[in-house]
Amino acid sequence: MTPILEARNLAFAYGSRAPVIHDLSFTVNSGTLGAVIGSNGCGKSTLVKLLAGILKPTRGDIMLDGVSLIHVPRMVAARRIAYVPQAFSMVFPFTALEVVITGRSPFRKPFRFEDEHDRECALKALEVAGAAHLADRLVTTLSGGEQQLVMVARALAQEPACILLDEPSSSLDLKHRSALMRTLVRLRDTLGMAVLVVTHDLHLMDKTFDRVIALRHGGLMMDAAPVEVLTQAVLAEVYEDQGIRTLNVEGRIVMWCD
Amino acid sequence: MVAILNPSRPLVSRLAIAIPLLLLLLAVVMLGALTVGAQSISLKEILSDPTAHTLFFRLRLPRVLMGALIGASLALVGAALQALFRNPLADPFILGVSGGGAVGASLAIAFGIGAVVVGIPFIFIAAFVGAACSVFLVYGVAKTGRTLLPGALLLSGVAVNLIAAAGVLIIQFFVDPSRAHQILRWTTGSLDVVGFTTIMQMSCILIPSWIALLAMSHQLHLLAIDKETATTLGVDVRRSEILIHLLCSLMIGVTVAVGGAVGFVGLIVPHGIRMLFGEDLRIVLPGSLLLGAAFLVGADTVARTALSSTELPVGAITALLGGPAFLWLLRRRQRYSAL
């Protein structure tokens, strides 16, 4: 397991406001499936945007393959890291295939159009994301969950070494949520991809995830295996709610709030 | 509604159909515009009759070329602004960019600055500065944090237009009557031009700007899909935004400085291309360039031939077509989720 991304003493503030992220250090290794959890507004989405290069840290550094992200050419970074946003609005009625094929743009030379290989990659990515049937549909006519699958497919079309997903299952039904989790596990196991998922869906992670990064007020509270993080005591502190309860049912941890 | 040419077809094959078709249309419209008018001119007459020769080379050909240059630029800027602002109702006229250009050009006329700086009339530069100020102002007002509010964008455009119109009126009020008349004539807008000097000056700015903007069509395509994720596909969003703003302001400044504020070309034409060939900006931008040229040349031909006694302002023709098109797009807002 080699580190692909590394956060070093990361800090970030929006403008002159109080820091959203402060003094955060951890690594994202290849062949691992990790989750970022924490209460609303604790900086989870900001953290993945920093790792994706959308936001620039106000202090600290992000290393991609051992090189500071600010020194990595954008196209090189785009071939290594893919990002699926939490929310997006599709304004223009592009087809799903048109959207997914843009995931191939980091591989194209300037002023060249996508070729048959790019098209095949995009169709394959749609298939892997479970959205092959949406290829010719207009994205503006898709449900939130279907749009989310299209964006996952676009990230897969990038053939990245690391994929960052911000609440990818928030609009998905149970079936698609499970299918997406199986896809992420497959990406880790077969391609050795590093997968980092921001999620509130704690039930999904106990068996499948390798590690859980728990944030509290923008700082790192815990970075450990799910079994260590998903305990009543830790979750009560992460979410600042003493009413959180956990129960081990046939090897799965079930959580609820009184 | 899906485009007539299936958008799932590879882009190259769609371009291979669209570009020759639009070039053919442009050639037909330009040839038609060159031959019709208050006086019809045939090729034989151009070669044999000195009056027809002068009429053709001093008036008609420059006017048709002027229409093509302005129409192409307005449509190209409209398509680019729609993608950049992720708003299908964006148009240089609606967003107040043309209005800002008008204030800049009026000030240049008011102060009698007729200088030519390295071959470029100062009025072009003044109109560019005005247009650039407007585009940054409208964008700044409509942007909240990292979000661009589509309604606020259009409303701030309306406000900038009203302020610009008031500004031009005040400038006219304070200057001497001859200059006020000059501003009035100019703000009405006309493609009437004698000779090729102005066309050459315009071309020096417009054609490189076209090339630069077309070269950015891939970035615009990614921005139109989703601005945030465009960064993760290798686009330098901030740099691209600034460059596109400046290029659009430059083109609008020059077209407004010569032809006045011709409205709605930047709205109708890109939508026409989208309906025919799909949403991909790499086809919408070059397609809009060609169709915009054909559209304005055609509209101007109608403007100068519809009435036998006088000419109609070309801006009136484009507004008559563009106004209803705007309302129609607003009515069909379910097609575009940002409206």
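Right above here is the structure, for reference.
Fair warning: this is a prediction, and the values are worked out from it, not measured in the lab.

## Section: the overall build of chain A
Part 1: What chain A contains, in helices and strands, is nine helices and 12 strands.
Part 2: Referenced to the eigenvectors of the C-alpha coordinate spread, the extents of chain A come out at roughly 55 × 40 × 35 Å.
Part 3: Intrachain contacts of chain A at a sequence separation of at least 6 include 65% that bridge at least 24 residues.

## Notes on the environment of Leu-142 of chain A
Part 1: Looking at the element boundaries, Leu-142 of chain A is found in the loop between helix H4 (116-128) and helix H5 (144-157).
Part 2: The sequence separation of Leu-142 of chain A and Ala-96 of chain A amounts to 46 residues, and the corresponding C-alpha distance is 9.1 Å.

## Some details on the interface of chain A and chain B
Part 1: Contacts between chain A and chain B engage 30 residues on the former and 26 residues on the latter.
Part 2: Looking at the side of chain A that touches chain B, the elements with two or more residues in it are helix H2 (74-80), strand E6 (81-84) and helix H3 (96-101) of chain A.
Part 3: Grouping the amino acids of the side of chain A that touches chain B by side-chain chemistry returns 19 nonpolar, six polar and five charged.

## Some details on the sheet that holds strand E9 (residues 211-216) of chain A
Residue and element names in this part refer to chain A.
Part 1: Reading across the sheet, the six strands line up as E6-E7-E8-E3-E9-E10 and stay open at both edges, with mixed pairing between neighbours. In this open sheet, the two edge strands, each paired with only one partner strand, are E6 and strand E10 (219-224). Each strand of the sheet is rotated relative to its neighbour by a mean of 15 degrees, with strand direction disregarded.
Part 2: Here four bridges tie strand E3 (residues 33-37) to E9, and the two strands are oriented parallel to one another. When the sheet's bridge partners are listed, Ile-37 is paired in E9 with Ala-214.

## Considerations on the sheet that holds strand E5 (residues 67-68) of chain A
All names here are of chain A.
Part 1: Here we have four strands laid out as an open sheet, ordered E2-E1-E4-E5, and antiparallel in their pairing. Of all the strands in the sheet, just strand E2 (21-29) and E5 have a single pairing partner and so form its edges.
Part 2: Sheet contacts for helix H1 (residues 44-52): strand E1 (3-12), E2 and strand E4 (59-64); angle to E1, the most-contacted strand, approximately 125 degrees.

## Quick look at the environment of Phe-12 of chain A
Residue and element names in this part refer to chain A.
Part 1: Within the secondary structure, Phe-12 is located in strand E1.
Part 2: Taking the C-alpha atoms as reference points, Phe-12 and Val-212, 200 residues apart in sequence, are found 21 Å from one another.
Part 3: In this view, Phe-12 contacts Pro-19, Val-20, Ile-21, Thr-46, Leu-50, Leu-55, Pro-57 and Thr-58; residues no more than four positions away in its chain are not counted.

## Description of the packing of helix H12 (residues 265-277) of chain B against helix H14 (residues 314-331) of chain B
All names here are of chain B.
Part 1: Contact geometry for H12 and H14: axes closest at 9 Å, N-to-C directions at 60 degrees. One element, H12, and the other, H14, form an angle in the oblique class. Handedness of the H12/H14 crossing: left-handed. Each of Val-265, Leu-267, Ile-268 and His-271 in H12 lies in contact with H14, whose residues at this interface are Thr-318, Leu-321, Gly-322, Ala-325, Phe-326 and Leu-329.
Part 2: Classifying every residue of the contact of H12 with H14 gives seven nonpolar, three polar and no charged.

Parameters at a glance
Residues numbered from 1 in each chain as written. Chains lettered and ligands numbered in written order. Predicted model: local features only at pLDDT ≥ 70, side-chain atom pairs only at ≥ 80, totals over all residues. Helix = DSSP H or I, 4+ residues; strand = E, 2+ residues; numbered from the N terminus. Contact = placed C-beta atoms within 7 Å. Nonpolar A, V, L, I, M, F, W, Y, C, P; charged D, E, K, R; others polar. Pairing = 2+ DSSP bridges. Axes fitted to C-alpha atoms, helices over the stretch in contact; angles between N-to-C directions. Parallel < 35°, antiparallel > 145°, perpendicular 65-115°, else oblique. Left-handed = near helix turned anticlockwise from the far one by under 90°.

Just geometry here; none of it tells us what the structure is for.
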